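# Topology and contacts: notes
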Amino acid sequence: DTGGASAGSNAPLSEGVAVTLQGFDGSYVSCELGAGGADRAILLANRATPGDWERFTLFPLPDGKIALQAANGKFVCADGDRGDSLVADRDSPGDRETFTVEPQEGGQVLLKTHEGSYVSADFALEGGHRGRLVGDRNEAHDQERFTIMLIGTGRP
């Protein structure tokens, strides 16, 4: 499945807002556009400062969920064919490309996939996959906490 609006979310998108996402450790989430093959467009929490690849457009949806569009113009999904890794390779937001936001203390949020799993920045992975975002956690701990910041404001 390469995306496409499903019956549950085929309403037109409202205007999006530019955001960055930070992992609990302060690292910025990036859409890895320099990698090839299966690693192309995966999301990683591994940047010290935000640049173009760390900018996302957040679209609030009528059902209260959100869709995220990465710097490559593609929408983010938890790809079941890639071990639930978050990857930005979908042309439009259907159910698989939506996330539920659960506000937490201190301005942080938890993100849940369409299947109800928490998104995590997996810092247990080594090498170039350290900090890879995956949507497969049943419980929320530190690695599942993110801060969404509007670009230009420095505040969520």
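A brief structural summary.

Calculation criteria
Residues numbered from 1 in each chain as written. Predicted model: local features only at pLDDT ≥ 70, side-chain atom pairs only at ≥ 80, totals over all residues. Heavy atoms only, no water. Helix = DSSP H or I, 4+ residues; strand = E, 2+ residues; numbered from the N terminus. Buried < 20%, exposed > 50% of the residue type's maximum accessible area, 1.4 Å probe, protein only. Contact = heavy atoms within 4.5 Å. Areas by Shrake-Rupley, 256 points an atom, 1.4 Å probe, with all protein chains shown as cover. Polar contact = N/O pair within 3.5 Å; in protein donor to acceptor, adjacent residues only side chain to side chain. 1 Å grid on protein atoms, 1.4 Å probe; cavity = no way out; pocket = protein on both sides within 12 Å on 5 of 7 lines; lining within 4 Å. Points joined across faces, edges and corners; volume = space filled by probe spheres on them. Nonpolar A, V, L, I, M, F, W, Y, C, P; charged D, E, K, R; others polar. Core = buried A, V, L, I, M, F, W, Y, C linked by side-chain atoms within 4.5 Å.

### Remarks on the overall build of the protein chain
When you go through the protein chain residue by residue, the secondary structure sums to 0 helices and 12 strands. Taken from N to C terminus, the helices and strands of the protein chain fall in the order β-β-β-β-β-β-β-β-β-β-β-β. By the burial criterion, 42% of the 156 residues in the protein chain qualify as buried. For the protein chain, the share of sequence-separated contacts (at least 6 apart) that also reach a separation of at least 24 residues comes to 48%. For the protein chain, the accessible surface area stands at approximately 7500 Å², while carbon and sulfur atoms represent 46% of it.

### What to know about the environment of Y118
For Y118, the position within the fold is in strand β10 (residues 118–122). Assessed through its relative accessible area of 14%, Y118 is described here as buried. In sequence terms Y118 and N138 are 20 residues apart; their C-alpha atoms lie 6.3 Å from each other. If we ignore the near neighbours within four places in the chain, the residues touching Y118 are E102, L110, L111, K112, V134, G135, D136, R137, N138, E139, A140 and E144. Of the polar contacts made by the side chain of Y118, one reaches the side chain of E102; its length is 3.4 Å.

### Things to note about empty space enclosed by the protein
In this structure the tally under the stated criterion is 1 cavity of 30 Å³ or more. Approximately 40 Å³ is the volume attributed to the largest cavity. If you go around the largest cavity, the residues you meet are L21, V29, L43, L68, L86, L111, L133 and F146. By residue class, the composition of the lining of the largest cavity is 8 nonpolar, no polar and no charged.

### Points about the environment of S117
Residue placement: S117 occurs in the loop between β9 (109–112) and β10. Since its relative accessible area comes to 15%, S117 is described here as buried. Taking the C-alpha atoms as reference points, S117 and A140, separated by 23 residues in sequence, lie 9.2 Å from one another. With residues up to four places along the chain from it excluded, the contact list for S117 reads L111, K112, G135, D136 and R137.

### Some remarks on the nonpolar core
Soluble globular proteins tend to bury their nonpolar side chains together. Counting residues in hydrophobic clusters, the biggest one holds 30 residues, and the most contacted among them are L43, F56 and L133. Not counting chain neighbours up to four residues away, the residues in contact with L133 comprise V29, L43, L44, A45, D84, S85, L86, V119, S120, A121 and F146.

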